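Secondary and tertiary structure notes
In case you want the letters, here they are:
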Amino acid sequence: MKTSKFITGLRCTICDRMYAPTENIFTCPEHGNEGILDVEYDYSAIANEISKSSLAKSRDFTQWRYTPLLPVHPETAPPPIPVGWTPLVKADRLAEICGINTLHLKDDTRQPTGSLKDRASAVAVMKAKETGATVITTASTGNAAAALSGMCASAGMECVIFVPKSAPPAKIAQLLAYGAHVYLVDGTYDQAFALCLEASAHFGWYNRNTGYNPYMAEGKKTAAFEICEQLGWQVPDQIYVGVGDGCIISGLHKGFKDMLKLGWIDSMPRLMGVQAAGSDYMYRAAASGEDIVTYPPINAATVADSISAGLPRDRIKAARAVNETNGAWLRVEDEAILAAIPLLAASSGVFAEPAAAASLAGLNEAKRLKLVRPEDSVVLLITGNGLKDVASTMKGCALSHKEAMTISPKLADVRDKLPSSLH
Ligand SMILES: *Cc1c(COP(=O)(O)O)cnc(C)c1O
Ligand SMILES: [Zn+2]
């Protein structure tokens, strides 16, 4: 089996046992589905292949500019469609509204399938090729499935998708358009996840599931590399990210740890995990002080479907991401998430789906709790495109009193209804 020559092993996040990258296992056999593995590398060997100055000369404006830091063999071809190196947008007007001096938006709405999940799914397609699999599968609340479908379409591979029947129609439309085999599971995401594991074991399909496949956080960590490189290797003080399963925040943490080990940066940002009030497992578990491995599942319900998770799969790594960076867990109501969609769009031009706008709602909450100072430099990770969930956008606009007016096709009617600012 081909893989990166820099991987020294896969370590169980519960018992610290190490496994060889060629063993083709996903989780620690001692700990079953809970025993998520973390990929470890030989950083001194990596430092011979990639540096800040080699990156400065690189003409590869995709996430593959960081290939020596990714868990793939250098000759494994990525999907042809470009992934990563999304813009870091300076958002001065939004900064002023939020009372922050320096605010940037990492705009992953501009990924090929419209969400940050492309970073991981592209890696999944490459890992599947390396193991010789021809079919890939995942369960997903929507975006991971859309990303896998899109990356498989680009690479010419087959994929089988299990999504809860309740997934937003735009996401299901994406799956079908990309040519995936789609099963709408009459049940929850957790049931779809269990079914997907069973099916992949039975049919021998490569499994992309978040918080199960150890390579997904590795793909997501490229967002951390890009943020630092785009800031001229400055480390922001705080990064806000919507958290469901906890894989993105874990990936960010991993990316920053990699850069620390390579000496590219000398401090960590505080990672601020934002959860919907109706899906606040991490927030509650942290407040309880109980063991994250055994803290019981909750019933999750939120408008932000991409961060709805009753038992976050990557909770061990996610808890460490916040603890080890002196970050915080923030909890925001659905109304605040919905209202953040038009606030973000109107003040910056970046159009987010609810789970992505949650990062802005989280910043507002941190402001209220005095967890952020005006002089802190802040990055909001905007993880998914607003077009994926138009119904929620309309709700957010209605909450913010942004409504379209119906008029007769007459100039007089326009004049009558024009706000005074436009006269
Ligand atoms: C998946 C997703 C998240 C949350 O990522 P987790 O790894 O599940 O915590 C946030 N926003 C969007 C748009 C997503 O698709
Ligand atoms: Zn273990």
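Anyway, here's the lowdown on the structure attached to this text.

The rules we used
Residues numbered from 1 in each chain as written. Chains lettered and ligands numbered in written order. Predicted model: local features only at pLDDT ≥ 70, side-chain atom pairs only at ≥ 80, totals over all residues. Heavy atoms only, no water. Helix = DSSP H or I, 4+ residues; strand = E, 2+ residues; numbered from the N terminus. Rg over C-alpha atoms; globule rule 2.2 N^0.38 Å. Buried < 20%, exposed > 50% of the residue type's maximum accessible area, 1.4 Å probe, protein only. Contact = heavy atoms within 4.5 Å. Areas by Shrake-Rupley, 256 points an atom, 1.4 Å probe, with all protein chains shown as cover. Lys, Arg positive; Asp, Glu negative; His and termini not counted. Charge placed at Lys NZ, Arg CZ, Asp CG, Glu CD. Near = heavy atom within 4 Å. Polar contact = N/O pair within 3.5 Å; in protein donor to acceptor, adjacent residues only side chain to side chain. 1 Å grid on protein atoms, 1.4 Å probe; cavity = no way out; pocket = protein on both sides within 12 Å on 5 of 7 lines; lining within 4 Å. Sits in = over half its atoms within 2 Å of the grid points. Nonpolar A, V, L, I, M, F, W, Y, C, P; charged D, E, K, R; others polar. Points joined across faces, edges and corners; volume = space filled by probe spheres on them. Donors = N, O, S within 2.8 Å, 3.2 Å for Na, K, Ca; no water. Tetrahedral: all angles 85-135°; square planar, octahedral: opposite > 155°, others 65-115°. Pairing = 2+ DSSP bridges. Axes fitted to C-alpha atoms, helices over the stretch in contact; angles between N-to-C directions.

From N to C terminus, the protein includes 16 helices and 13 strands. Computed over C-alpha atoms, the radius of gyration of the protein comes to 21 Å, within 12% of the 22 Å expected from 2.2 N^0.38 for 423 residues, which places it in the range of a compact globule. With the principal axes as the frame, the protein shows a C-alpha extent of 70 × 50 × 45 Å. Across the 423 residues in the protein, those meeting the buried criterion constitute 59%. Counted over contacts in the protein with a minimum sequence separation of 6, partners at least 24 positions apart contribute 69%. On the protein, roughly 17000 Å² of surface is accessible, and the fraction owed to carbon and sulfur atoms is 52%. When the 41 positive and 44 negative side-chain charges of the protein are each reduced to one mean point, those points stand 4 Å apart.

A word on the site of ligand 1. The environment of ligand 1 is made up of 15 residues, and the closest members are Lys117, Asn143, Asp245, Gly246 and Thr383. Between ligand 1 and the protein, one listed contact pairs an oxygen atom with a side-chain N or O atom of Lys117 at 2.7 Å. Asn143 places a polar side-chain atom, nitrogen or oxygen, 2.8 Å from an oxygen atom of ligand 1. Comparing atom positions with the cavity grids shows ligand 1 to sit within the largest cavity. When its residues are assigned to classes, the shell around ligand 1 shows five nonpolar, seven polar and three charged.

What follows covers empty space enclosed by the protein. In the structure shown here, the tally under the stated rule is three cavities of 30 Å³ or more. Each pocket or cavity is described by its volume, and for the largest cavity that value is around 280 Å³. Surrounding the largest cavity, 26 residues form its lining, Lys117, Gly244, Asp245, Ile248 and Ser306 being those nearest its centre. For the lining of the largest cavity, the secondary-structure elements that each account for two or more residues are helix H5 (143-155) and helix H10 (247-261). Per-element tally for the lining of the largest cavity: the top contributor is H10, with three residues. Looking at the lining of the largest cavity residue by residue, the class counts come to 10 nonpolar, 12 polar and four charged.

Around the zinc ion (ligand 2), the protein supplies Cys12 (SG), Cys15 (SG), Cys28 (SG) and His31 (ND1) as donor atoms, at distances of 2.2 to 2.4 Å. One can describe the site at the zinc ion (ligand 2) as tetrahedral: its four donor atoms subtend angles covering 104 to 116° at the metal. Look at Cys12 and you get buried, because its relative accessible area is 1%. Take His31: its relative accessible area is 28%, and that puts it in the partly exposed class.

Here the focus is the sheet that holds strand S7 (residues 158-164). Read from one edge to the other, the open sheet built from four strands follows the order S8-S7-S6-S9, with strand pairing classed as parallel. Among the strands making up the open sheet, the edge pair consists of strand S8 (181-185) and strand S9 (206-207). Summarising the sheet, S7 and S8 pair through five bridges and their orientation is parallel. Counterpart to Pro164 in the pairing with S8 is Val185. Its contacts with the sheet put helix H7 (residues 189-203) on strand S6 (135-139), S7, S8 and S9, and the angle it makes with S6 is roughly 155°.

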